[in-house]
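Here is how the chains run, residue by residue.
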Amino acid sequence: MGSGRCVLLALLLRLLLLSEPPAGVSAAGSSSSFLGEAKDAEVFQWMRGLRGRIHEHPELAYEEFETSRLIREELDAMGIPYKHPVAVTGVVGFVGTGGPPFVALRADMDALPIQMCSLMGCRSNFVMILQESVEWEHKSKVSGKMHACGHDGHVTMLLGAAKILQRHREDLQGTVVLVFQPAEEGAGGAKKMIEDGAVENVEAIFGFHVDSENPVGVVTSRPGPVMAGSGFFEAVISGKGGHAAIPHHTIDPIMAASNVIVSLQHLVSREADPLDSQVVTVSKIQGGEAFNVIPDSVVIGGTFRSFSRESFAQLRQRIREVIVGQASVQRCTATIDFLDDKVSHFPVTVNSEDLHQHFVEVAGDVLGSNNVRTRQPVMGSEDFAFFSEAVPAAYYYFLGMKNESQGPLKPPHSPFFRINEEVLPYGAALHASLAAEYLAQAHTRSAAAQAQGQVHDEL
Ligand SMILES: *[C@@H]1O[C@H](CO)[C@@H](O)[C@H](O)[C@H]1NC(C)=O
Ligand SMILES: [Zn+2]
Ligand SMILES: [Zn+2]
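Residues numbered from 1 in each chain as written. Chains lettered and ligands numbered in written order. Predicted model: local features only at pLDDT ≥ 70, side-chain atom pairs only at ≥ 80, totals over all residues. Heavy atoms only, no water.

### Side note on the overall build of the protein
For the protein, the count of helices and strands is 11 helices and 16 strands. Considering the protein as a whole, with its 459 residues, one finds that 54% of them fall into the buried category. Here the analysis covers contacts within the protein between residues at least 6 apart in sequence; of these, 80% occur between residues at least 24 apart. When the accessible surface of the protein is summed, it comes to about 20,000 Å², and 54% of that surface belongs to carbon and sulfur atoms. (Helix = DSSP H or I, 4+ residues; strand = E, 2+ residues; numbered from the N terminus. Buried < 20%, exposed > 50% of the residue type's maximum accessible area, 1.4 Å probe, protein only. Contact = heavy atoms within 4.5 Å. Areas by Shrake-Rupley, 256 points an atom, 1.4 Å probe, with all protein chains shown as cover.)

Laid out in structure tokens, this is it:
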């Protein structure tokens with residue numbers, strides 16, 4: 001293309017772009033005014049009420065029937081159409097033109113059962129009954145179940161965003177897809193939502209988790225991998241049992257298992273790039289019952305984590321090789337189960353670079369740019385990862401909810417976990433702003449692309 005045409009094209013594009021509302025103060029209204037709307041006393045009290053009702057009746061994976069009903073009642077009241085059921089209890093709402101582009105916002109709905117581990121994303125043999133230990137007016141009314149991960153707040157904030165977006169629906173330049181998904185806690189709810197078509201035609205999706213570490217009004221995230229992929233394994237190491245005093249008549253699986261466990265620790269320390277964080281943990285070992293009997297077999301199991309698909313696949317392959325190979329050194333055999341059918345394996349959650357820019361700009365508008373901070377990746381996993389694989393661009397961030405003057409908050413999955421409700425307007429406004437601005441900018445981009453096409457036709 002000649003340079004004369006380029007200048008003409010540039011002029012035409014410029015004219016076209018100038019006729020659009022500038023980004024950040026889009027037709028959908030400025031992002032900071034969404035925060036004002038979400039903080040409005042009536043909206044705030046409505047959100048607190050919703051969250052209290054959901055919190056009192058925690059429901060586990062794929063059993064979120066009352067939560068799902070509450071969501072649909074609220075969408076009905078707002079006049080927002082939706083699909084239901086999606087993935088058993090899931091709900092997918094639509095705000096805006098009903099046509100493309102489609103941008104999605106995601107909230108998870110499930111509460112936690114009896115659980116023994118205290119890290120976000122962990123799942124395990126259930127040992128301790130998770131009984132809410134926070135005394136407040138909406139304390140869990142269901143024994144052994146609790147919204148101890150903040151998903152009651154996530155549902156509430158997405159409903160808050162729905163209200164704001166619906167008020168501004170005439171200004172939306174596309175469709176916001178509201179994704180209420182079941183079963184985040186290890187039961188693959190996101191995967192099932194995707195299989196049931198929840199994000200068909202969606203070109204970008206946003207999700208967040210409340211964060212006990214950072215203050216209200218602060219958000220943190222990063223471009224690229226943000227939460228680890230997680231896998232699990234269980235191995236049976238078999239030898240030949242016998243009397244402990246006659247070891248030469250046995251093939252000792254306890255010795256073999258011990259060497260296997262030590263060798264597994266070399267995968268990260270000797271085979272992984274020190275700058276590519278990975279974890280291999282053997283967290284389970286069972287075998288032998290008597291002081292004087294060498295058992296026939298030993299069972300070991302654990303988890304592995306990484307921040308790239310390549311290192312994840314590499315770990316998985318090497319865990320198998322090390323267990324089989326090291327067991328055979330001591331004349332034992334080993335079988336390995338990666339528990340693919342029994343526990344949900346989460347892929348790595350990868351944030352789009354483009355959406356990171358979008359997030360920094362929009363969240364900066366809403367909160368002030370010094371409150372939008374870069375963070376380290378987290379070794380925990382999140383099934384939002386499935387959306388980050390299924391949708392062209394995905395973005396996951398952490399929404400601070402600590403208030404210094406009210407003391408520290410307990411981490412997720414603790415029976416003392418609580419949400420600082422001051423966070424509710426922030427999550428609602430961020431959801432709404434990220435989606436509305438995304439549509440405004442996508443509209444500008446496609447208009448520019450169209451103009452470019454027309455110019456080509458005319459020239
Ligand atoms: C933190 O708590 C104090 C005291 O309860 C309150 O006055 C203040 O507004 C809270 N801060 C935020 C950011 O909501
Ligand atoms: Zn959780
Ligand atoms: Zn959670």
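### Describing the coordination of the zinc ion (ligand 2)
Coordination sphere of the zinc ion (ligand 2), protein contribution only: Cys149 (SG), Glu185 (OE), Glu185 (OE) and His413 (NE2), at 2.0 to 2.7 Å. Of note is the zinc ion (ligand 2), whose four donor atoms meet at the metal with angles of 52 to 152 degrees in an arrangement that counts as irregular. Coordination of the zinc ion (ligand 2) draws on donor residues from a single chain, spaced C-x35-E-x227-H in sequence. Accessibility expressed as a relative area gives 3% for Cys149, which makes it buried. (Donors = N, O, S within 2.8 Å, 3.2 Å for Na, K, Ca; no water. Tetrahedral: all angles 85-135°; square planar, octahedral: opposite > 155°, others 65-115°.)

### What to know about the nonpolar core
The nonpolar side chains of a soluble globular protein tend to be buried, and buried together. Residues Leu75, Leu159, Val176, Leu178, Phe180 and Val219 are the most contacted members of the largest nonpolar core, which totals 69 residues. No other element matches helix H11 (residues 424-458), which puts 12 residues into this core. The residues contacting Leu75, other than those within four sequence positions of it, are Ile80, Tyr82, Val91, Leu159, Ala162, Leu178 and Phe180. If you look at the next biggest cluster of nonpolar residues, it comprises 24 residues, including Val179, Met193, Val202 and Phe346. (Core = buried A, V, L, I, M, F, W, Y, C linked by side-chain atoms within 4.5 Å.)

### Concerning the site of ligand 1
Close to ligand 1 lie Asn403, Ser405, Gln406 and Glu422, which account for all nearby residues. In this structure, an oxygen atom belonging to ligand 1 sits 3.2 Å away from a side-chain N or O atom of Ser405. Protein chains shield 41% of the accessible area of ligand 1, which is 360 Å² for the free molecule. Considering only residue class, the shell around ligand 1 consists of no nonpolar, three polar and one charged. (Near = heavy atom within 4 Å. Polar contact = N/O pair within 3.5 Å; in protein donor to acceptor, adjacent residues only side chain to side chain. Nonpolar A, V, L, I, M, F, W, Y, C, P; charged D, E, K, R; others polar.)

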